[in-house]
Amino acid sequence: MSERRVRVRFAPSPTGPLHIGGVRTALFNYLFAKKHGGDFLLRIEDTDQGRYVPGAEDYIQEALEWCGMKVDEGPKQGGPFAPYRQSERKELYRQYADQLLASGNAYYAFDSPEELDQARATAEEKGETFTYNAMSRCRMKNSLSLSEDDCNILLASSIHYAIRFKMPDNLDVTEVDLIRGSVTFNTSSLDDKVLFKSDGMPTYHLANVVDDHLMEISHVIRGEEWLPSMPLHVLLYRAFGWEDTMPRFTHLPLILKPVGKGKLSKRDGDKMGFPVFPLLWKDPETGDTSRGYREDGFFPDAFINMLALLGWNPGTEQEIFSMKELCEAFSLERVGHSGARFDPEKTKWYNHQYFIKKSDQELGELLLPFLKEKGITAEPAMATKVCGMVKERCNFVSEIWDQSYFLFEAPTTYDEKIVVKRWKDDVPSIMNEIAVFFETVEQWNAPEIKEPFSELVTAKGWNFGIVMNSLRLCLVGGSFGPDIFEICDLIGQAETISRIKKAIAAIKG
RNA sequence: GGUCUGUUCAUCUAAGGGUUAGGAUUCAAGAUUUUCAUUCUUGCCAUAGGGGUUCGAAUCCCCUACAGACUACCA
């Protein structure tokens, strides 16, 4: 059994955009597969036709692709166990339900939704919770409580029925979870789950177990919300007689809200201003859009790095990992046991790390489209140069523009606060003298400007703080940006002088 | 309510019986940058509470508290 090829699957429901938690589940599956030279499959669990959202499946595929997770087998890429979409495997499941029926592990249930609601309501009145199990099933309408004749009549009629698992009474089911260790459940606290719905579709539980078996899945790695259904799944494997090839189970801790209680939700992102989805999502029904990490300017490797270190750690002090390094270092044993609070700040920090690691040229190429959007055409060489000047002060490509627009065009506004603070009465005349001085500079480059400029300021007895900041105000429009002489250098002599003159006129007025 | 699972700085986490409980993020202060940011240095800050076991407990056991998940013909 330890010889078995590692095969894992990511099995989302196409009910909407893939959430950060889903991406992390996919990632841990992917890393585990690659660590062990195994296969990473994508299976679309679309057994609930009522919740199907058009576009969601494409979104999932695109998100995995953007993140750099290559799917070995899936609906798009095919594979030896196709199809990988449960709706297309519909015909397959009934025979397995029948097998369980025949072996006495399942039974027909004829209760209508109204009758079930009634049973729940009655129990609630008595302060109890209705559970369809060994205690109550004899009082319900099913093939266990009804006579065979009655049952056959119902089956022959057009009445809708479901197939339920016959949960054994008072049996301890123990199974190992790879990050939590051995977990025991007693079946008396479990219920007779519906395996096969009246609409002819299997439920998650049946389809999941059947497909994992058929697709030769070796490890089931999923979110912690599935831990309570582990005993049901184990029992299903037993009932089918598949226990010897049953996958190993692992349940990942959840991602929690940055503040407050509960798991991370879309609302948290909206409220605190960070995306909870990898890609932008437009709801096909309402038309509402939700931000995505990609569109917000995050690099996929930074996003993945952040997600991997949320709940997992290598046991060393290394924090920056490429996907390749993650594949090598990953192990389920080092995944934490408790839910991890999501930290949007750290996500930005990761992006900054990847940002500054990129070459000026790479960033320059990424900047070009932003410039185009602003109506500016610039040479790639210019973009590269600009990125080199400002990249240390940015987290995102979009921020390069905020930090460098004045290198492409003269400022049109001047920061009011800085004007008040620095633009004293004598400043205009000083700026005028500086403009005159700049006319005389012969070699227009940063060091050649800086030295005589400093001498001039000293000779005139001007206040350095006032002069430098006022000059910056003329050139930049505010109190930020790279070294002032490098700015002069880049924009050129004529432009520098023209901006000073423009500022004198504009600020005075 | 019931069943499971958790609980180390504000946050992500390291330390699987012996360390001044380590790192990173955030925050604060100082230095640098005649700007802002970066960078550097420093600081703040934790074993949920109570009982055991032990020479010795963050680590093992029990209780309590708190938190989360699940409790659908949804996944």
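Relevant structure appears above.
Residues numbered from 1 in each chain as written. Chains lettered and ligands numbered in written order. Predicted model: local features only at pLDDT ≥ 70, side-chain atom pairs only at ≥ 80, totals over all residues. Heavy atoms only, no water.

1. A short note on the pattern of salt bridges
Between side chains of opposite charge, a pair can form when the charged atoms approach closely. All chains considered together, the criterion is met by 32 salt bridges. Residues K257 and D268 are paired through a salt bridge, measuring 3.2 Å at the closest nitrogen-oxygen approach. With K257 in the loop between strand 10 (255-256) and helix 8 (266-272) and D268 in helix 8, the pair connects residues that are 11 residues apart, well separated along the chain. Looking at D268, the relative accessible area reads 3%, which means it is buried. Residues K501 and E439 are paired through a salt bridge, measuring 3.8 Å at the closest nitrogen-oxygen approach. Here K501 is found in helix 20 (residues 493-508), whereas its partner E439 is found in helix 16 (residues 427-440), with 62 residues between them in sequence. (Salt bridge = Lys/Arg side-chain N within 4 Å of Asp/Glu carboxyl O. Helix = DSSP H or I, 4+ residues; strand = E, 2+ residues; numbered from the N terminus. Buried < 20%, exposed > 50% of the residue type's maximum accessible area, 1.4 Å probe, protein only.)

2. Concerning the side chain of E57
Tracing the sequence through the fold places E57 in helix 2 (residues 56-67). For E57, the residues in contact, after removing those within four places along its chain, are P14, I44, P75 and R85. (Contact = heavy atoms within 4.5 Å.)

3. Observations regarding the protein's contact with RNA strand B
Near RNA strand B, the surroundings consist of 54 residues, among which K197, E392, R393, F464 and S479 are the closest. In RNA strand B, atoms within 4 Å of the protein come 72% from sugar and phosphate. Between RNA strand B and the protein, one listed contact pairs a base oxygen with a side-chain N or O atom of R51 at 3.1 Å. R341 has a polar backbone atom sitting 2.9 Å from a phosphate oxygen of RNA strand B. Counting residues per element, the surface near RNA strand B draws most heavily on helix 18 (residues 464-476), at 4 residues. For the surface near RNA strand B, a count of residues per class yields 17 nonpolar, 15 polar and 22 charged. (Near = heavy atom within 4 Å. Polar contact = N/O pair within 3.5 Å; in protein donor to acceptor, adjacent residues only side chain to side chain. Nonpolar A, V, L, I, M, F, W, Y, C, P; charged D, E, K, R; others polar.)

4. Regarding the packing of helix 6 (residues 204-214) against helix 7 (residues 230-240)
One can describe the packing of helix 6 onto helix 7 by two numbers: an axis separation of 10 Å at closest approach and a directional angle of 55°. With respect to their mutual orientation, helix 6 and helix 7 come out oblique. The hand of the helix 6/helix 7 crossing is right-handed. On the side of helix 6, the interface is formed by Y204, H205, L206, N208, V209, V210, D212 and H213, while helix 7 contributes L232, H233, L236, Y237 and F240. When its residues are assigned to classes, the contact of helix 6 with helix 7 shows 8 nonpolar, 4 polar and 1 charged. (Axes fitted to C-alpha atoms, helices over the stretch in contact; angles between N-to-C directions. Parallel < 35°, antiparallel > 145°, perpendicular 65-115°, else oblique. Left-handed = near helix turned anticlockwise from the far one by under 90°.)

5. Quick notes on the sheet that holds strand 3 (residues 106-109)
Taken in spatial order, the 3 strands of this open sheet run 3-4-7, and their pairing is antiparallel. A single partner strand is all that each edge strand has here, and the edge strands are strand 3 and strand 7 (194-196). For this sheet the average axis-to-axis angle between neighbouring strands, irrespective of direction, equals 45°. In this sheet, strand 4 (residues 162-165) lies alongside strand 3 in antiparallel orientation, the contact comprising 4 bridges. Among the inter-strand pairings, Y107 is bridged to a residue of strand 4, identified as R164. (Pairing = 2+ DSSP bridges.)

6. Digging into helix 16
With 14 residues, helix 16 extends 20 Å from end C-alpha to end C-alpha; this agrees with the ideal 20 Å at 1.5 Å per step. Buried within helix 16 are the following residues: V427, P428, I430, M431, I434, A435, F437 and F438. (Expected span 1.5 Å × (residues − 1).)

7. Considerations on the nonpolar core
One finds M69, M431, F438 and I500 to be the most contacted residues of the largest nonpolar core, which totals 113 residues. Per-element accounting of this core gives the leading share, 9 residues, to helix 1 (residues 20-35). By size, the runner-up hydrophobic cluster in this structure holds 40 residues, among which are L41, Y108, V209 and M246. (Core = buried A, V, L, I, M, F, W, Y, C linked by side-chain atoms within 4.5 Å.)

8. A closer look at helix 2
Since the α-helix advances by 3.6 residues per turn, residues separated by three or four positions end up pointing in the same direction. Counted at 1.5 Å a residue, the expected span for helix 2 with its 12 residues is 16 Å, and the 16 Å between its end C-alpha atoms agrees. Counting buried positions along helix 2 gives 9 out of 12 residues, so the element sits mostly inside the fold. Next to the buried residues of helix 2 lie strand 1 (7-10), helix 1, strand 2 (39-42), strand 11 (281-282), helix 9 (300-308) and helix 10 (323-329). Residue G68 follows helix 2 closely and has a positive phi angle near 90°.

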